[in-house]
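One-letter residues, chain by chain:
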Amino acid sequence: MATLHVGDHLDAPSIDSRHWLELLAPHARLVRYEPRGCGLSAGSFVGPLSLETCVEDMAAVVNATSDGPVALVSLTHGALPVIAFAALHPERVERIVVLDGYARGRMRRNAGPELDRESQAIAETMQVAYGTDLAYSVPFRRALLSRLVPQANDEQLIELDRASISRMTSAIAARYTRFSFEADVSDLACRIACPALVLHARQDPVVPFAEGSHLAALIPGARFMPLEGCLHLPLAGDPEWPRISSVIHSFLGFASAAVGIGATVDGAGAPAPRLTPRQREVLRLVGQGHTDKEIARVMGLSHRTVEMHVRHSLAALDCRSRAEGVRVALQRGLLGDASAAS
């Protein structure tokens, strides 16, 4: 999953990524890519910033985490390295998803000097917004976040602000903003050979809908799905989120359209719950009386991730309590072959 700007702590995902974790992690190994200088490498940026370095970094992540081809899910500016990587390393990419992304940066769309001046002003605002204790830092960050997530309320903006401020320095924020404005991967998009799903909001306040449509037209055989409403980074409570999650699940091969996400069919033709290996292992340890913290330590997960797996397991089993969930899973033979996921 590739993003360029908004980030959070891995062991305590914020509202901009929590629903993505819950959507994807139960069905596949989820690896979050952040560019150098952001997240865990914040403050340690070395070398030039270019599309080539982004592709090199993504290749390092993919090669370190998988021996075979992978599916790449990109949000907004994260489409740039994903498109480039998919075009340059077709043997390593199984399929791609692009949400509210683009091929041409703002300054590559021939929109005239006024857009160029606005783009320069945004980059300078980013540098002030993520500066240390400057008078306008907080107001500028809130203004920028309100464009990225226009549907967020005040409480949600505060949480997003708190999450993003620790993930990058002011210099990195401005640097990546200019990079995303000046990049153009149009030629590379035409070379993508894997299945592609492009989703874009009609009233996207950051990237024009026409740019999403243009990207989909560049990628051979890409499926394009327009989204309704004014959104750029969708949140879990958005009206379009159920449709977004359902389509992505189906495209990635996680779901059967007939019975829904994560379900199989029993002999009577009724949907039967299916737990992932990691969910089964978590539920087995719950049944042995282990606490969430103990399970997290044994499995090498965060406390929040264990809670998420328990919540998803109970929902799949239609159970209200952990005790009931363990009992039902045992009765249905779901815990007999539980083994820890790597």
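Scroll up for the structure.
> What am I meant to see in unusual backbone geometry here?
You will see that Thr76, though not glycine, has its phi angle at about 45°, which is positive. Within the secondary structure, Thr76 is located in the loop between strand E1 (70–75) and helix H3 (79–88).

> How should I be thinking about the packing of aromatic side chains in this particular structure?
Aromatic rings in a pair are described by how distant their centres are and how their planes are angled relative to each other. For the structure shown, the criterion picks out 4 aromatic pairs. With 5.5 Å between their ring centres and 35° between their planes, Tyr136 and Phe140 make a pair best called tilted. Look at Tyr136 and you get exposed, because its relative accessible area is 53%. With centroids separated by 5.6 Å and ring planes inclined at 50°, the aromatic side chains of Phe209 and Phe224 adopt a geometry described as tilted. Residue Phe209 is located in helix H9 (residues 209–218), and its partner Phe224 is located in strand E4 (residues 223–227); the two are separated by 15 residues in the primary sequence. Judged by relative accessible area, Phe209 falls into the partly exposed class, the value being 22%.

> Even after reading the chapter, I still don't get the pattern of salt bridges, so can you show me in this structure?
Opposite charge on two side chains lets them pair, provided their charged atoms get close. All chains considered together, the criterion is met by 11 salt bridges. Its salt-bridge partner being Glu211, residue Arg104 comes within 2.8 Å of it at the nearest N-O pair. Of this pair, Arg104 sits in the loop between strand E2 (93–99) and helix H4 (113–129) while Glu211 sits in helix H9, and the two are 107 residues apart along the sequence. You can call Glu211 buried: its relative accessible area is 6%. Among the ionic pairs, Arg142 bridges to Asp161, the shortest N-O distance being 3.2 Å. Residue Arg142 is found in helix H5 (residues 137–148), and its partner Asp161 is found in helix H6 (residues 154–165); the two are separated by 19 residues along the sequence. Taking relative accessible area as the criterion, Asp161 reaches 5% and is therefore assigned buried.

What counts, and where the lines are drawn
Residues numbered from 1 in each chain as written. Predicted model: local features only at pLDDT ≥ 70, side-chain atom pairs only at ≥ 80, totals over all residues. Heavy atoms only, no water. Helix = DSSP H or I, 4+ residues; strand = E, 2+ residues; numbered from the N terminus. Phe/Tyr/Trp six-rings, centres within 6.5 Å; stacked < 30°, edge-to-face > 60°. Buried < 20%, exposed > 50% of the residue type's maximum accessible area, 1.4 Å probe, protein only. Salt bridge = Lys/Arg side-chain N within 4 Å of Asp/Glu carboxyl O.

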